[in-house]
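Each chain, letter by letter, is given below.
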Amino acid sequence: MNKYSFFALFLALCAVGCRQQPAAMEQAQKSTFRQEVSKTAVQSRPVTTLDLLKQQVGRGTSEIMLARKAYTTSYNKQTRTPNWVAWTLTKAHTYGNNQRSDERFEEDTQVPTPRATYQDFYNSRYDRGHMCPAGDNKWDAEAMTESFLMTNICPQNHGLNKDDWNELEIQCRTWARRFGEVTIVCGPLFEDGENARQIGRNKVTVPSGFFKVVYRARPEPQAIGFLFDNNGKSQPWREQAVSVDEVERRTGINFFHMLPDDVEDAVEARLDLSVW
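About the criteria used
- Counting restarts for each chain, with residues numbered from 1 along the sequence as it is written.
- In keeping with the model being predicted, local features are shown solely for residues with a pLDDT of at least 70 and side-chain atom pairs are shown and tallied solely at 80 or more, while totals for entire chains, interfaces and linings include all residues.
- Calculated side-chain values reflect all of the structure's heavy atoms, with hydrogen atoms and water omitted.
- Per-residue confidence from the predictor is reported as pLDDT, which spans 0 to 100.
- Whether two residues are in contact is decided by their heavy atoms, any of which lying within 4.5 Å being enough.
- Throughout this description, buried means an accessible area under 20% of the type-specific maximum (1.4 Å probe, protein chains only), exposed means over 50%, and partly exposed covers the range between.
- A run of DSSP states H or I qualifies as a helix once it reaches four residues; a run of E qualifies as a strand once it reaches two. Both are numbered from the N-terminal end.
- Strands were regarded as paired on the criterion that DSSP finds at least two bridges between them.
- Working definition: the arc comes from the directions between the helix axis and the C-beta atoms, pointing outward to the latter.

**Q** Just give me the short version of the confidence of the model for the chain, but keep the residues and values in it.
**A** Looking at the chain, pLDDT values average 88 and 84% of them are 70 or higher. Low confidence marks residues 3–7, where pLDDT is under 50. Its contacts with residues over four positions away, or in another chain, come to one contact. Counted against residues more than four places away or in other chains, residues 9–42, with its pLDDT under 50, gives two contacts.

**Q** Now, about the pairing of strand S3 (residues 81–90): what can you tell me, with residues and values included?
**A** Judged by how many residues are buried, S3 sits mostly within the fold: 10 of 10 residues are covered. Across five bridges, the pairing between strand S2 (residues 72–76) and S3 is antiparallel. Bridge assignment links Asn-76 to a residue of S3, and that residue is Thr-81. Taken together, S2 and the strand that follows it, S3, pair antiparallel across an intervening segment of four residues, in which Arg-80 is found at a positive phi of about 65°.

**Q** Describe helix H7 (residues 261–269), and please don't skip the residues or the numbers.
**A** Residues of H7 that are buried include every one of Glu-264, Val-267 and Glu-268, and no others. Along H7, the residues classed as buried sweep out an arc of 95° about the axis, all on the same side. Exposed and oriented more than 90 degrees from the buried face of H7 are Asp-262, Asp-265 and Ala-269. In this structure, the buried residues of H7 make contact with strand S10 (222–229) and helix H6 (244–251).

Here is the structure:
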């Protein structure tokens, strides 16, 4: 190929490249535009009740999602307990005729073995502590039965279970009646590291404590958190109140992340019992 032919070929290739580059840039711009429109649409649509039941656990945390009639569970197959349990409690759901005396704790066959069983708690000195309480599920027979699945249960100190934790559950029902509905997320704290105790043949991990966060949308958005040690010492719920930001720091869970950022940041930073 002489130098004139080579030069002509070079010019031809440049012309093709110039025609293709704007087309590629235009396609990339269209793709970016579609992504931005999609993101804006998600952020601008109203936040639904189902959105509020979605929490984000820390990276690397074992998680199996379980949807029940009354609540959603993020189950951890390593600890054999939930990471968190979330539900929306309405005023209507604080009433009902279904009683816990008609129920029994059941192994949850929807999660892999080894998993928690009723027998794992025998002679452990820990209660089978509900996360979503039976008292919030009297409105429906199926909901009541599902609240006794072991994936909704943690080893809980008897004194805490029957006293201060129970008092906060009752208070949440009061708030649901007062404000129409509240969204509740609760679960275990594991801060004992390698010293964490395990119970039963299936080695169910005993929490060092428990958390609960509560969100309401009306009459204005508000949120509050609570932290309890897993022991029988007196822990009145008012004295255990903290900001949701503090619960996030302790648990590594991102709560209510589907809220608009400005709303989420404001309600999670605030601790004010007077608005409740």
